[in-house]
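# Survey of secondary and tertiary structure
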Amino acid sequence: MSANKPKYNKQVSAKKPKVVTTLPVKKSESFNFSSSSKELKYGIVAGILILTFWCYHYSLHNQFLNWDDGLYVFGNKYLKNLTWENLKMILFHSITPSNYHPLTMLSLAINWHFSHNSPPLYYLTNIFIHMANIILVFLLVTKLCERIVSYSPQAAKHKLFIASFCALWFAVHPMHVESISWVSERKDVLYAFFYLLGLIAYLRYTENKTSTILGIKVSTNGWYGITFLLFLLSCLSKPMAVSFPLIMFTIDFLLGRKWERKIITEKMLFLACSIFFGLVAYRIQKESGAVADFHTINLPDRILFTFYGFNMYLVRLFYPVHLNAFAPYPNLQPGVTLPMLFYIMPIATLLLWAVPFYFKWKKMDALFRVTLFGLSFYFLNVVFVLQFISCGDAIIADRYTYTAYFGPVFAIIYLANECMIAIPAIKNWLIGLLAALSVMFAVLCEARTKVWHNPETFWSDVIVKSDMHSQLPYLNLGNYFVDSGKYEKSYPEYSLLARLGMKDDGVYRNLAMIYGLHHQYDSSLYCFSKAIEYDSTNASIYTNRAITYANMGKFDLALKDFNKAYLLDTTKNLALEQRAGMLTQLEQFKDAVNDYNKLIMREPKELSFYLQRGNALLDGGNPEAATHDYLYLLELQPDNGTAMYNLSIAYDKLRDEKNALNYAVKATQNKVQVPADYLIRLQKLVSH
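Residues numbered from 1 in each chain as written. Predicted model: local features only at pLDDT ≥ 70, side-chain atom pairs only at ≥ 80, totals over all residues. Heavy atoms only, no water.

## Quick look at unusual backbone geometry
Across residues other than glycine, the phi torsion is negative in most instances, and most of the peptide bonds are trans. Non-glycine residue asparagine 208 carries a positive phi angle of around 60 degrees. Following the sequence through the fold, asparagine 208 ends up in the loop between helix 9 (186-206) and strand 1 (211-213). (Helix = DSSP H or I, 4+ residues; strand = E, 2+ residues; numbered from the N terminus.)

## What to know about helix 28 (residues 589-602)
In this model, helix 28 (14 residues) spans 20 Å end to end at C-alpha, consistent with the 20 Å of a helix rising 1.5 Å per residue. Regarding helix 28, the residues found buried are Phe589, Ala592, Val593, Asp595, Tyr596, Leu599 and Ile600. End-on, the buried residues of helix 28 take up no more than an arc of 160 degrees, which puts them together on one face. Opposite the buried face of helix 28, by more than 90 degrees, sit the exposed residues Lys590 and Met601. (Expected span 1.5 Å × (residues − 1). Buried < 20%, exposed > 50% of the residue type's maximum accessible area, 1.4 Å probe, protein only. Arc of directions from axis to C-beta.)

## Digging into the confidence of the model for the chain
The pLDDT averaged across the chain works out to 86; a share of 91% of its residues lies at or above 70. Low pLDDT, under 50, characterises residues 1-31; the predicted model gives this stretch 60 contacts beyond four residues in sequence or across chains. (pLDDT = per-residue confidence, 0-100. Contact = heavy atoms within 4.5 Å.)

## Comments concerning the pattern of salt bridges
Applying the stated criterion to the full structure yields 24 salt bridges. Between lysine 238 and aspartate 188 there is a salt bridge, with its nearest N and O atoms 2.4 Å apart. Of the two residues, lysine 238 is situated in the loop between helix 10 (220-235) and helix 11 (244-255) and aspartate 188 in helix 9; the sequence distance between them amounts to 50 residues. Exposure remark for aspartate 188: the relative accessible area of 0% places this residue in the buried category. Notably, a salt bridge pairs arginine 448 with aspartate 461, separated by 3.3 Å at the nearest N-O pair. (Salt bridge = Lys/Arg side-chain N within 4 Å of Asp/Glu carboxyl O.)

## Digging into the packing of helix 31 (residues 641-653) against helix 33 (residues 676-687)
For the pair helix 31 and helix 33, interaxial distance at closest approach is 13 Å and the crossing angle is 45 degrees. When the interaxial angle is binned, helix 31 and helix 33 end up oblique. Seen from above, helix 31 lies across helix 33 with left-handed handedness. Note on element contacts: helix 33 touches helix 31 through Tyr678, Arg681 and Leu682, opposite Tyr645, Ser648, Ile649 and Asp652. In the contact of helix 31 with helix 33, the residues fall into four nonpolar, one polar and two charged. (Axes fitted to C-alpha atoms, helices over the stretch in contact; angles between N-to-C directions. Parallel < 35°, antiparallel > 145°, perpendicular 65-115°, else oblique. Left-handed = near helix turned anticlockwise from the far one by under 90°. Nonpolar A, V, L, I, M, F, W, Y, C, P; charged D, E, K, R; others polar.)

## Observations regarding the environment of lysine 77
Inspection of the secondary structure assignment puts lysine 77 in the loop between helix 2 (69-74) and helix 3 (84-92). Spatially, the C-alpha atoms of lysine 77 and isoleucine 95 are 9.2 Å apart, while their sequence positions differ by 18 residues.

## Re the side chain of threonine 627
In this structure, threonine 627 sits in helix 30 (residues 623-636). Engagement of the side chain of threonine 627 in a polar contact is seen with the backbone oxygen of glutamate 624, the distance being 2.5 Å. Threonine 627 has contacts with Leu647, Ala650, Tyr651 and Leu654, leaving out every residue within four places of it along the chain. (Polar contact = N/O pair within 3.5 Å; in protein donor to acceptor, adjacent residues only side chain to side chain.)

## Observations regarding empty space enclosed by the protein
A water-sized probe rolled over the atoms picks out the places where empty space is left. On inspection of all chains with the given rule, the structure shows three cavities of 30 Å³ or more. Around the largest cavity, the lining residues are Val137, Cys166, Phe170, Tyr405, Phe406, Val409 and Phe410. Those elements giving two or more residues to the lining of the largest cavity turn out to be helix 7 (159-172) and helix 18 (406-422). Sort the elements by how many residues they give to the lining of the largest cavity and helix 18 lands first, with three residues. Residues belonging to the lining of the largest cavity are distributed by class as follows: seven nonpolar, no polar and no charged. (1 Å grid on protein atoms, 1.4 Å probe; cavity = no way out; pocket = protein on both sides within 12 Å on 5 of 7 lines; lining within 4 Å. Points joined across faces, edges and corners; volume = space filled by probe spheres on them.)

## Details of the packing of aromatic side chains
Using the criterion set out here, one finds 47 aromatic pairs in the structure. Ring centres of phenylalanine 249 and tryptophan 259 lie 6.4 Å apart, and the angle between their planes is 10 degrees; this geometry places the pair in the stacked category. Remark: tryptophan 259 occurs in the loop between helix 11 and helix 12 (261-265) and phenylalanine 249 occurs in helix 11; sequence separation between them is 10 residues. Among the aromatic residues, those joined into a ring-pair cluster are Tyr191, Tyr195, Tyr202, Tyr205, Tyr224, Phe228, Phe231, Phe244 and Phe270. Stacked on the ring of tyrosine 508, the Lys or Arg lysine 530 has its end atom at 5.9 Å from the ring centre. For lysine 666, the ring lying beneath its charged end belongs to tyrosine 663, and the centroid distance is 5.0 Å. (Phe/Tyr/Trp six-rings, centres within 6.5 Å; stacked < 30°, edge-to-face > 60°. Lys NZ or Arg CZ within 6 Å of the ring centre and 35° of its normal.)

## Brief notes about the nonpolar core
Membership of the largest hydrophobic core comes to 154 residues, with the highest contact counts inside it found for Val141, Ile162, Trp169, Phe410 and Ile413. Looking at this core, the element that brings in the most residues is helix 9, giving 13 residues. Beyond its immediate sequence surroundings of up to four residues, valine 141 is in contact with Ile162, Ala163, Cys166, Phe406 and Phe410. Ala550, Leu611, Met644 and Leu661 belong to the second-largest nonpolar core, a separate cluster that totals 44 residues. (Core = buried A, V, L, I, M, F, W, Y, C linked by side-chain atoms within 4.5 Å.)

## Digging into the packing of helix 26 (residues 555-568) against helix 27 (residues 574-585)
Contact geometry of helix 26 with helix 27 gives a least axis separation of 9 Å together with a crossing angle of 150 degrees. In terms of axis orientation, helix 26 runs roughly antiparallel to helix 27. The hand of the helix 26/helix 27 crossing is left-handed. Between helix 26, through Phe555, Ala558, Leu559, Phe562, Asn563, Ala565 and Tyr566, and helix 27, the contact on the second element is made entirely by Ala575, Leu576, Gln578, Arg579, Met582, Leu583 and Gln585. Here the residues of the contact of helix 26 with helix 27 sort into 10 nonpolar, three polar and one charged.

## A short note on the environment of arginine 655
Along the chain, the position of arginine 655 falls in the loop between helix 31 and helix 32 (657-669). In sequence terms arginine 655 and leucine 685 are 30 residues apart; their C-alpha atoms lie 9.9 Å from each other.

## Quick word on the layout of surface pockets
Computed from the structure, the second largest pocket encloses a volume of approximately 490 Å³. Forming the walls of the second largest pocket are 18 residues, and the residues nearest its centre are Ile135, Leu139, Lys143, Ile200 and Arg204. Elements represented by at least two residues in the lining of the second largest pocket include exactly helix 1 (38-56), helix 5 (120-147), helix 9 and helix 10. In terms of residue count, the dominant contributor to the lining of the second largest pocket is helix 5 (six residues). Residues of the lining of the second largest pocket, tallied by class, amount to 12 nonpolar, one polar and five charged.

Next comes the structure, spelled out in structure tokens:
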């Protein structure tokens, strides 16, 4: 039994103490863990941490994903420089589209400071925070077992067994891979760290006595303040922490605290902050478009989705196979009925909640308290993501179970321990079952981390496990191939999306570019026209179609599209540069020079513009002006053979044969093929 014996050992009823019963005990001997052995305790925790690192070590080889990682890390300008202005934006503004979690973004900014675009340190940080959470789970379970000694003395006696398996399942459960092997989900492991630490602090507060931490004496009020601070830090890491004050009530119930006014008043500040952070999160997600209009999905379907999510997360607790990181809503087209599974879920939910009340009916108060606590802890941590209010594209997501699973796992391991005490004959079988499940979880966890290796492995896995009514996986996989220069591999995804009728300009623009690479210009032009149909204001579409027209020799149509692209976005250089080149081809040299003048004004350090302007001046009959561009370019790039040869031609037109020959020879020395007859002619002129 713990030395810190709680002062309130009373039952809930103040009128008459009840006789608390558990499962009938047939034999006092049970699982032979010595709860007083520090060496064993440290050894078990160390073993779990080593196993955890093995399970997640492959994540250190993973890349960033093209699913939120750009918004959270490599595409977020505020992370790339820890200036005071950027810190203010990180801490006091929402710098991602649908969430406000400043501590998470600050941690990613610190990662960026040390590793920039190199992913391993980001994943290593996630793993280390997860390992810290494992230790916190172990400590929290140990403390809970010590505190329920008044009605469950066996829990305190076997706290090491219960805490060890709870920590192990938390450590290696495959459903937690998403929270660790995805950089953008740093918010899960970080908010859970403060959340679990806050619950441990709350347990210290409920002891109602001064205690010591790191050699410092902390009073009851001090623990209250620490709990509130940790709660705030958790909310600032992820809004899901708003469930914290409700979980405080479940812990009160588990501990058997006397229900009086203090139980409510001490949580008023927590509840007020929860409401505030909840409203902030809802407003940000609503403004970003992440929250669907309530009329998009009818009320009966919303209710069924809620029951489905509640039960499927629990099913995956025991059967975490064929996990899908992107589980879309079922097909909600008119006339389509939901699968029968959705209609069974409300019944399954009622049966599940009946279990603790069955224990209550049987007067097994310890089992009643623990199972009801476990279910309540789980429910209150997932209730806001059960999609009654539709948020996001997925009906369920693995990451939402990261903290929520603590409740049912605690109840399951506690029940297993009680069964082993009551029926010693099944002890070895139960231990074997728990060990087998643990091994299965670890193996599946390690394999699951490889799915998150890069966008190709990730989206390919999603596509295999999804039906085609969800278009996002195909779109993101196709975009990844294009961004990686693998245009050929992107064709199946884009062509499928076109057949499915996806109204996305990017799909048709990329398809057009693929057709263009194969010189299928008619198909390319058709796709560009479809892209313009969906977005007529995108300058890059007109620019790329203009290039296609130019490849077809239709220079007048190409010039028309270049002009349109430049009118749509005068700040971009691509359309202007391409137009200048086209004007040079059309021998409209004066207009071409004007475009190059604009480009040089914008980017005076881009040396290629000087070469191109010099060429336009030379071909336009102004070799003297061209020499200035070539000479300036050669000051900065002394080995530019092309500039030397063109400068030679300019001097030749100016009848300066000596300089013309000099730069022609230098051009040959810099591996430029100068016509032999040109060199001979210049040599003859200079010799005379």
